[in-house]
Amino acid sequence: SVGSFTFEVRVITSLGASASAKVTFNVNPSNPVIHLVGSPTLTRGSEDEILIEASKTSSPDGTPLTFSWSCQSKGSACKDSNGQALSFASVSVLKGLSLLPGEYFFNLKVNSLMGGSSSL
């Protein structure tokens, strides 16, 4: 768990003397380490296959991760070949997107369930 934890140890001798000590530990969330296969900037021709993979992204504390992708093209949100705005579920791999030829910029934000986050 993330937070501040205080532990106290108290020792009492057989003669009744005692002593105690407190120790406080602070546990902070670890930021995920993004491992990306493929370029976040793509220039796509009509037959190019798109693959951007972040499935090897990990959290140092071992907690599950969520992925949030966004895409920009010519200063606005990316659209598919039918003119519909692209929507990305919480997936680690973007593959086979139906995009018109052009230049695209993908952003990725990864969140750890412990509160850490990283962006690319």
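Refer to the preceding data block for the structure.
## Focus: the nonpolar core
In terms of nonpolar packing, the biggest core is built from 16 residues, with W69, F88, L94, L97 and F106 touching the most fellow members. If near-sequence neighbours (up to four positions away) are discounted, F106 is found in contact with P40, L42, I52, W69, S70, C71, F88, L94, L97, L99 and L120.

## Thoughts on the side chain of S118
Structurally, S118 can be placed in strand 9 (residues 117-119). A residue is classified by how much of its surface remains accessible, and S118, at 16% relative accessible area, is buried. A polar atom in the side chain of S118 sits 2.5 Å from the backbone oxygen of P32.

## Details of a nonpolar patch on the surface
On the surface, F5, F7, V23, F25 and V27 cluster together into a nonpolar patch covering about 430 Å² of accessible area. Looking at the nonpolar patch, the elements with two or more residues in it are strand 1 (3-12) and strand 2 (18-27). Broken down by element, the nonpolar patch gets its largest block of residues, three residues, from strand 2. Looking at the element boundaries, F7 is found in strand 1.

## Considering the environment of S18
Looking at the element boundaries, S18 is found in strand 2. Since its relative accessible area comes to 41%, S18 is described here as partly exposed. In this view, S18 contacts R10, V11 and I12; residues no more than four positions away in its chain are not counted. Polar contacts involving the side chain of S18 include one to the side chain of R10, which spans 3.3 Å.

The rules behind each value
- Residues numbered from 1 in each chain as written.
- Predicted model: local features only at pLDDT ≥ 70, side-chain atom pairs only at ≥ 80, totals over all residues.
- Heavy atoms only, no water.
- Core = buried A, V, L, I, M, F, W, Y, C linked by side-chain atoms within 4.5 Å.
- Buried < 20%, exposed > 50% of the residue type's maximum accessible area, 1.4 Å probe, protein only.
- Contact = heavy atoms within 4.5 Å.
- Helix = DSSP H or I, 4+ residues; strand = E, 2+ residues; numbered from the N terminus.
- Polar contact = N/O pair within 3.5 Å; in protein donor to acceptor, adjacent residues only side chain to side chain.
- Patch = residues over 30% accessible without salt bridge, like charges linked within 9 Å, V, L, I, M, F, W, Y side chains within 5 Å.
- Areas by Shrake-Rupley, 256 points an atom, 1.4 Å probe, with all protein chains shown as cover.
- Salt bridge = Lys/Arg side-chain N within 4 Å of Asp/Glu carboxyl O.

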